[in-house]
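# Close look at the chain arrangement
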Amino acid sequence: MDPGTALELVKHGVTLLFLDVPQYTLLGIDTQMFSVGPSFKGIKMIPPGIHFVYYSSSTREGKEFSPIIGFFIDVGPSEVIVRKWDKQEERLVKVSEEEEERYIQAVKNLEFDRQLGPYNLSHYEEWKQLSNFITKSVIERLEPIGGEITIECENDVVRSSSAQKTPMENALDKQLKESNSATSVGESQRKGCYYTSIPRVVKCKGISGQELTSLNLDKTQLLETLLAKEYGCSEDLLLGELQFAFIAFLMGQSLEAFFQWKSLVSLFLGCSEAPFKTRTQLFTKFIRVIYYQLKYGLQKDRIDESGPSLLDDSWLSADSFLHRLCKDFFSLLEDGSVVDGDLLSWARKFKELLENNLGWEFQHGSAIDGMYFEEDDEFAPQVEIMDDEA
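Residues numbered from 1 in each chain as written. Predicted model: local features only at pLDDT ≥ 70, side-chain atom pairs only at ≥ 80, totals over all residues. Heavy atoms only, no water.

- The name given to the protein chain in an unreviewed UniProt entry is Protein AAR2 homolog, with the source organism recorded as Arachis hypogaea.
- The annotation that UniProt attaches to the protein chain under Sequence similarities (unreviewed entry) is "Belongs to the AAR2 family." (UniProt positions renumbered as here; feature names shortened; annotations may be inferred.)

### Observations concerning the packing of helix α9 (residues 235–250) against helix α10 (residues 255–269)
- At their nearest, the axes of α9 and α10 sit 8 Å apart, and the two run at 140 degrees to each other. The orientation of α9 relative to α10 falls into the category oblique. As α9 runs across α10, the sense of the crossing is left-handed. Contacts between α9 and α10 involve Leu238, Leu239, Glu241, Leu242, Ala245, Phe246, Ala248 and Phe249 from the former and Ala257, Phe258, Gln260, Trp261, Leu264, Val265 and Phe268 from the latter.
- Its residues assigned to classes, the contact of α9 with α10 shows 13 nonpolar, 1 polar and 1 charged. (Axes fitted to C-alpha atoms, helices over the stretch in contact; angles between N-to-C directions. Helix = DSSP H or I, 4+ residues; strand = E, 2+ residues; numbered from the N terminus. Parallel < 35°, antiparallel > 145°, perpendicular 65-115°, else oblique. Left-handed = near helix turned anticlockwise from the far one by under 90°. Contact = heavy atoms within 4.5 Å. Nonpolar A, V, L, I, M, F, W, Y, C, P; charged D, E, K, R; others polar.)

### Details of the side chain of His51
- Relative to the helices and strands, His51 resides in strand β5 (residues 49–56).
- Within polar-contact distance, the side chain of His51 engages the side chain of Asp30 at 2.6 Å.
- What His51 contacts, discounting residues up to four positions off in sequence, is Ile29, Asp30, Ile46, Phe71, Phe72, Ile73, Val75, Tyr119, Tyr124 and Trp127. (Polar contact = N/O pair within 3.5 Å; in protein donor to acceptor, adjacent residues only side chain to side chain.)

Okay, here's the thing in structure tokens:
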């Protein structure tokens, strides 16, 4: 890149000025992660828009790390975000308005330029594929009080999760218990994200058991109800929450986010009618979203760059919830008499990704074709006649 172009990117790009961050701290933005050096003061040349910033403090030797803290930002051209490291709380905090204005002017005068690492623009397209439905309204709707997403605020989620956890869930649980970081968030602020509640079971008053069973086997009506009541009929808002949860899970190592992502994916893949009749375009967009999510998450070379992958074999194995739901969904599309061309094309692309990267097989006639559930499967359809309002 020539000096003139670089200078324009510095001036018009976003700057994160992070002061006094200890050496060896892991700090990331979007799909990029850095190990902080002695002269590090932040990141420059960031494209305007939505980004996810996350970090993990370390011991002096850089061998042990505290749970990740992450937050979403929506920034405009030439904007400067200033944070300072609080040694006692071991996290980045805001500075006073007077200090902030002084530091912003110093950044615009290029006083910190040599101590700012450049945003790698070659990874930006990948980030946009993971976040294109996340907007300011999505962030404001879902982010926790204070904006910080961390497993340290998810004790209740860890405790209330199913007894049989995957190795990934156990690893996050262990990290939470062994964390020796200071009280990074006050008790009054120990809240998770405000995710939409996705019912595991459709409960409806005044219908027959057969009709209720049908509603639970095909999640189309549940999807329509949620879109109308929770998302203001906005498909993009729903997809934005799916992307928000995946990023908070994979980059932010949030167990709560993983459960929400799992619930949303199960909702989509549990629909039999919507992909063909009422929500064809939505399902085309959904398959694109999950395709890019797993394409990124399954990259082998990414593991060395940003720590161990959370997409462990336990839930990406042939008996995982995702494999079973994908198998039924692909069979549904293959058996459909009329299927939208774009939906079918992306579904085949997604199927090939799973087959090539995970070795999954989706042939008809195998022992695990069709719908089946283990006794403790939290996504098994359950029929309950309740007196709740319809």
